[in-house]
Amino acid sequence: MLATIMFLWLAFSVLLAAQQPVFDREVRPILERNCLGCHNQKLKMSNFSIATRTELLKGGKRGGSPARILEAIRQEGNLRMPPSYKLKQEEIAIVEKWITAGASMPESAFVKTDAKPNHWAFAPVKRPLVPEVRNAPWARTPVDRFILARLEKARMTPSPEAPKGTLLRRLFLDAAGLPPSPDELQAFLNDTRPDAWQQWVARALDSPHYGERWARRWLDQARYADSDGGSRDEPRQIWRYRDWVIRATQNDMPFDRFVLEQLAGDLLPNATNDQLIATGFHRNSPIQIEAGTDREQYRTEAVVDRVDTTGTVFLGLSVGCARCHDHKYDPISNREYYQLYAFFNSTDDWSEDRPRYNARFNNLVHVHGPLVEFAAPDVIERRNDVLLKLVTLDEKLTDYKRENKVKADDPFVKETEAEIARLQTLLPKGLEGSMIQRELPRPRETHIMLSGDYLHKGDRVYPNTPSFLGALPARETPLNRLDFARWLTARDNPLLARVAVNRIWQEYFGRGIVETENDFGTQGTPPTHPELLDWLAAELMDSGWSRKHIHRLILNSAVYRQSSEARDDLMESDPRNLLLARQTRLRLDSEIVRDVSLVASGLLSPKVGGPSVFPPQPAAAMSASQIKKVWKASSGEDRYRRGMYTFFWRVTPHPALIVFDAPNGMTACTRRNRSNTPLQALTLMNDTAFHEMAQAFALRLLRESTPGLRLDHAFRVALARQPHAKERERLQTLLATERDDLATHPEEAGKLLASTAPKDVDRLELAAWTTMARVILNMDEFITRE
């Protein structure tokens, strides 16, 4: 009898414990995000702090128990906490369970100490065991078992596999950013090999366009742009860095090496041009060159940008919050911020020891240097010598005119202008290069900037890493960027691999395992599948840091192959699809919206790499900048290059990119927004480039298919499926209406067709099908990865 009671008591305790929220994983993030900012040991708003359990139980002016927290977060009106918004119902439920179970938490849960913080992301990466699951046959890779274990625990079932056409289009768009051709679609539908899917995954990952697709995502993080930003927004030579990222990604360069060469390729022994070009990662900082600019101020801002970008991209931490004071939530002190700053403070940048920018001679080489240049050394030396003389003479001439009343025949002016004209004939033209990083012969001194102000210097500091992640040992010679890069990519760094695999996962499912992909700190959301995150991080490192290996694991999984159709049962149990009982529909990136239209039209140039190009854009698009830039539309195949090669002005970016949420290139972007606006539909319908693609799509349909099969062919090309009966009926009605209207008003065809429309097709039929093509290319499904 006693044994039975003990067994029941133990079973009840286990069941109760299983239902209680885990403090560190579930409760702590809610309190940190919503309560700790006001109720910490320093502020103690209403004399209440949650920093320790003793203070929590003590309460404040309005109460003396944790139940007061529950009352406050449920409250409406002036007494609600937080005062400016209400917590989500699921967050309130977690807090309620926690308080009901006794509000258990470590005594000093929110007290900063010098000890290493107890936070999941700062713990070493250890490979967890792959869980056992009941529905084991469903799992195709170990990834599936982690997902299925959570689903089974929540008594949820995965969705069925998506239709084959949808699957292939999804695979090709995710792996290469381009849809399958009708021939590839038919081959896949006919493929009965047992390992057919694995073979098609391998084919997609081997596509020469895989590198472009995944390089574009990295360029978001690198804040890549083709211009400086600032009021003048001058063009810069940086496209070779983009090409380096594409090649490195295509060749599956080990990720640790990929990171190291971008941060410190110039410091490697006998660095190659490619390794120098790789350091363009941190030359993507904006530059302000307007007259009167304090060059030291903007050099300082560039270094700050590099520190903050490094924290966001590689560590997944908001390091920049420690620029003015100790980080409020993460264990990064103000001193440690400037120790990180010191690693990046000794690079050769445009500062007071270089010539000012001269608009007359456009001496951007002085601003953008150092560069790796592709010309003979004597030619580069002559260019530098002549350009410096020109700038110096022009400055002297400007000063002379400002100080004197100059007449038309002023001898000094005439003599100086003659010398300038002579020197201009000696100036080599068309030299090409790429912006790189280069260390100064002697490191700059680094001081803490009081309140983040570069004019107010505090204590001197030396390069080092945050102590909670393992500070580097001191040595006689100063640490440099190469030391930092090696520390960052070491296997015992708990963040780099986790952050990297989380962002890969995010691209396939629309949300990372850690939703706050740019904040793995204590304010970030905890992982939905922590064991899977650590398993993938360990797998990345154990595979030799192969990103393609992680792609292959995910693409071959059953969870990836699920249908994305919404389910009524999931709308109640998991409305945000956090447990992934189905796939996620994702609007295509802005560049890929252009790419799929080019593919459908048959116009796409498959060329990989090279300088940026200028596809057509609205005439007034460049008028927003202080100095209006010229946008001459490219001709030939450059007119039809992939969207990632479109020249990106930071101040006046191409409208079709921005309307579909391309990042602005000013700061690191680790996740793009996905908006849904009327402007997007209007762009697809009326933009010159998209109208040109619709006409080419119509022409392709007329030439490649017979009248009775034309609509089916259009859907295979655009959507990798057959039209449904209702779609067929509506589109055939539209086509008949268009034909009737054009037969009555044949002059209207000229408004739909370019003057260069081919003579070997019926112009009225081409015009009618151009309208059809515009409708199909404007479908939500066409610009969506299902």
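Residues numbered from 1 in each chain as written. Predicted model: local features only at pLDDT ≥ 70, side-chain atom pairs only at ≥ 80, totals over all residues. Heavy atoms only, no water.

On to helix α7 (residues 164–176), then. For α7, built from 13 residues, the straight-helix expectation of 18 Å at 1.5 Å per residue is met to within 8% by its first-to-last C-alpha distance of 18 Å. Counted residue by residue, α7 has 11 buried out of 13 residues, so it is predominantly covered. All buried positions along α7 are accounted for by Gly-165, Leu-167, Leu-168, Arg-169, Arg-170, Leu-171, Phe-172, Leu-173, Asp-174, Ala-175 and Ala-176. Of the residues trailing α7, Gly-177 is marked for its positive phi of about 75 degrees. (Helix = DSSP H or I, 4+ residues; strand = E, 2+ residues; numbered from the N terminus. Expected span 1.5 Å × (residues − 1). Buried < 20%, exposed > 50% of the residue type's maximum accessible area, 1.4 Å probe, protein only.)

Before going further, it helps to spend a moment on the side chain of Thr-249. With respect to the helices and strands, the residue Thr-249 is situated in helix α11 (residues 239–250). Each residue touching Thr-249, except ones within four places of it in the same chain, is listed here: Tyr-210, Gly-211, Trp-214, Ala-215, Phe-258 and Arg-547. (Contact = heavy atoms within 4.5 Å.)

Attention shifts here to the environment of Gln-89. Relative to the helices and strands, Gln-89 is located in helix α5 (residues 89–100). As for Gln-89 and Arg-74, which are separated by 15 residues in sequence, their C-alpha atoms are 9.3 Å apart.

With that settled, the discussion passes to the domain arrangement of the chain. For the chain, the assigned domains read domain 1 (16–111), domain 2 (229–315 + 318–372 + 432–488), domain 3 (375–430) and domain 4 (588–786). Here domain 2 and domain 4 have C-alpha centroids that lie 39 Å from each other. Of the residues lining the interface, 20 residues belong to domain 2; the matching set on domain 4 comes to 18 residues. A buried area of about 1500 Å², summed over both sides, lies between domain 2 and domain 4, and 56% of it is on carbon and sulfur atoms. There are 1 salt bridge connecting domain 2 and domain 4. A salt bridge links Lys-629 to Glu-234; its shortest N-O distance comes to 3.6 Å. Across the side of domain 2 that touches domain 4, the residue classes tally to 5 nonpolar, 7 polar and 8 charged. (Domains from an automatic or database assignment. Buried area = accessible area lost by both parts, 1.4 Å probe. Salt bridge = Lys/Arg side-chain N within 4 Å of Asp/Glu carboxyl O. Nonpolar A, V, L, I, M, F, W, Y, C, P; charged D, E, K, R; others polar.)

This part is about helix α24 (residues 590–601). Spanning 12 residues, α24 covers 17 Å between terminal C-alpha atoms, matching the ideal 16 Å at 1.5 Å per step. In terms of residue burial, α24 counts as a mostly covered element, since 11 of its 12 residues are buried. Every buried residue of α24 is accounted for by Ser-590, Glu-591, Ile-592, Val-593, Arg-594, Asp-595, Val-596, Ser-597, Leu-598, Ala-600 and Ser-601. Where α24 ends, the next residue or the one after it, Gly-602, has phi of about 80 degrees, a positive value.

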